[in-house]
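What follows is each chain in one-letter form.
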Amino acid sequence: GESVGLHLPTLSVQEGDNSIINCAYSNSASDYFIWYKQESGKGPQFIIDIRSNMDKRQGQRVTVLLNKTVKHLSLQIAATQPGDSAVYFCAENINDYKLSFGAGTTVTVRA
Amino acid sequence: GAVVSQHPSRVICKSGTSVKIECRSLDFQATTMFWYRQFPKKSLMLMATSNEGSKATYEQGVEKDKFLINHASLTLSTLTVTSAHPEDSSFYICSAAPGRAYNEQFFGPGTRLTVL
């Protein structure tokens, strides 16, 4: 099948470069998606969200892309900084209040 | 705004004892609170959903007699791990939502439980 970006458990990126984190979600009925950042020993922090009627949304230094055809979500971080080092999770929601979290990607920023 | 706290942040207990973890929404009323469990280098696993004044809804495979949840007020939910054993050691995270909207789920800082 088409390769749209594999989920990798770890990502090492040079400071100042752009980061791309991929996530494959499981349910075609999911209508809402969220990216979270989790630093060591802390709870998840909301980064950005996107609804299924959109394919792109931008925030401050972050962009989320949604490809519903292949059930793929990506998070792009521009000009990655040391403070961006963390584990990033995507989460999907299916018409109710429960979130289902993806496997997570550990991002390490090299100085 | 939208701050959720957990207490304690870390707890070490002996096998067989019970441990209570509190989750509080500090500046909003939480209609719904969620409890998650996270193993090292793993994702968050939803354990249960609690609504103020009613019984919690547990996810499949989560023992309700083992993990007692009480949502006594709109700002407080507690998770009690009863008769804890080493396999219950984990990072427990709560989240709180002001309404029924899933996009307003705010997470607490987590509680690290270690059972000896």
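Described below are features of the structure shown in this document.

**Describing the overall build of chain A**
Looking only at helices and strands, one finds zero helices and 10 strands in chain A. In chain A, the succession of α and β elements from N to C terminus is β-β-β-β-β-β-β-β-β-β. Expected size for 111 residues packed as a compact globule is a radius of gyration near 13 Å; at 13 Å, chain A falls within 12% of this value. Only carbon and sulfur atoms are counted for the fraction: they give 47% of the accessible area of chain A, which is about 5,700 Å². Within chain A, the 10 negative side-chain charges are centred at a point lying 2 Å from the centre of the 10 positive side-chain charges.

**Remarks on the interface of chain A and chain B**
Listed per partner, the contact involves 18 residues of chain A and 18 residues of chain B. Linking chain A with chain B are one salt bridge, by the criterion used here. One salt bridge in this structure joins Glu59 of chain B and Lys98 of chain A, with 3.3 Å as the shortest N-O distance. Summed over the shared surface of chain A and chain B, the result is four residue pairs in polar contact (both at pLDDT 80 or more).

**Some words on the packing of aromatic side chains**
Under the defined criterion, the tally for this structure stands at nine aromatic pairs over all chains. Note on Tyr36 of chain A and Phe107 of chain B: the rings are 5.2 Å apart at their centroids and 80° apart in plane angle, and the pair reads as edge-to-face. Separated into two different chains, Tyr36 of chain A in strand E3 (residues 32-38) and Phe107 of chain B in strand E10 (residues 106-107) make up a pair that spans both. According to the relative accessible area criterion, Tyr36 of chain A is buried, its value standing at 1%. A ring pair is formed by Phe28 of chain B and Phe106 of chain B, whose centres lie 5.6 Å apart and whose planes are at 65°; its orientation type is edge-to-face. Here Phe106 of chain B lies in strand E10 and Phe28 of chain B lies in the loop between strand E3 (19-25) and strand E4 (32-38), a separation of 78 residues in the sequence. Its relative accessible area of 13% is what places Phe28 of chain B among the buried residues.

**What to know about the nonpolar core**
The biggest cluster of nonpolar side chains holds 25 residues, and the ones touching the most others in it are Trp35, Tyr58, Phe67, Ile69, Leu79, Tyr92 and Leu113 of chain B. Sorting the residues of this core by element identifies strand E2 (10-13), E3, E4, strand E5 (44-51), strand E7 (67-73), strand E8 (76-81), strand E9 (90-97) and strand E11 (111-115) of chain B as the ones contributing at least two each. Beyond its immediate chain neighbours, meaning those up to four positions away, Tyr58 of chain B contacts Met47, Ala48, Glu63, Lys64, Phe67, Leu68 and Ile69 of chain B. One finds Leu75, Ile77, Cys90 and Val109 of chain A within the second-largest nonpolar core, a separate group that totals 19 residues.

**So, unusual backbone geometry**
All names here are of chain B. Looking along the chain, the bond that leaves His7 and enters Pro8 is cis, with omega of 0°. As for its placement among the helices and strands, Pro8 is situated in the loop between strand E1 (4-7) and E2. One non-glycine residue, Lys41, lies in the positive phi region at around 60°. If you trace the backbone, Lys41 turns up in the loop between E4 and E5. On the basis of relative accessible area, Lys41 is assigned to the exposed category, the value being 83%. One non-glycine residue with positive phi stands out, namely Ser83, at about 45°. In this fold, Ser83 is placed in the loop between E8 and E9.

**Focus on the environment of Gly16 of chain A**
Residue and element names in this part refer to chain A. Among the structural elements, Gly16 can be located in the loop between strand E1 (10-14) and strand E2 (19-24). Sequence-wise, Gly16 and Asp84 are 68 residues apart; in three dimensions their C-alpha atoms are separated by 11 Å. Setting aside residues up to four positions removed in sequence, Gly16 forms contacts with Ala79 and Thr80.

**Observations regarding the pattern of salt bridges**
All names here are of chain A. The final tally for this structure, using the stated rule, is five salt bridges over all chains. For the salt bridge of Asp84 with Arg61, the shortest nitrogen-to-oxygen distance reads 2.9 Å. Taken together, the residues Asp84 in the loop between strand E7 (72-77) and strand E8 (86-93) and Arg61 in the loop between strand E5 (56-58) and strand E6 (62-67) connect sequence positions 23 residues apart. Arg61 sits in the partly exposed class, given a relative accessible area of 29%.

**Observations concerning the side chain of Ser90 of chain B**
Residues and elements named next belong to chain B. With respect to the helices and strands, the residue Ser90 is situated in strand E9. For Ser90, a relative accessible area of 2% puts it in the buried group. Within the structure, the side chain of Ser90 is placed 3.0 Å from the backbone oxygen of Gln38, a separation counted as a polar contact. Among all residues touching Ser90, those that are not within four sequence positions of it are Arg37, Gln38, Phe39, Thr111, Arg112 and Leu113.

Calculation rules
- Residues numbered from 1 in each chain as written.
- Chains lettered and ligands numbered in written order.
- Predicted model: local features only at pLDDT ≥ 70, side-chain atom pairs only at ≥ 80, totals over all residues.
- Heavy atoms only, no water.
- Helix = DSSP H or I, 4+ residues; strand = E, 2+ residues; numbered from the N terminus.
- Rg over C-alpha atoms; globule rule 2.2 N^0.38 Å.
- Areas by Shrake-Rupley, 256 points an atom, 1.4 Å probe, with all protein chains shown as cover.
- Lys, Arg positive; Asp, Glu negative; His and termini not counted.
- Charge placed at Lys NZ, Arg CZ, Asp CG, Glu CD.
- Contact = heavy atoms within 4.5 Å.
- Salt bridge = Lys/Arg side-chain N within 4 Å of Asp/Glu carboxyl O.
- Polar contact = N/O pair within 3.5 Å; in protein donor to acceptor, adjacent residues only side chain to side chain.
- Phe/Tyr/Trp six-rings, centres within 6.5 Å; stacked < 30°, edge-to-face > 60°.
- Buried < 20%, exposed > 50% of the residue type's maximum accessible area, 1.4 Å probe, protein only.
- Core = buried A, V, L, I, M, F, W, Y, C linked by side-chain atoms within 4.5 Å.

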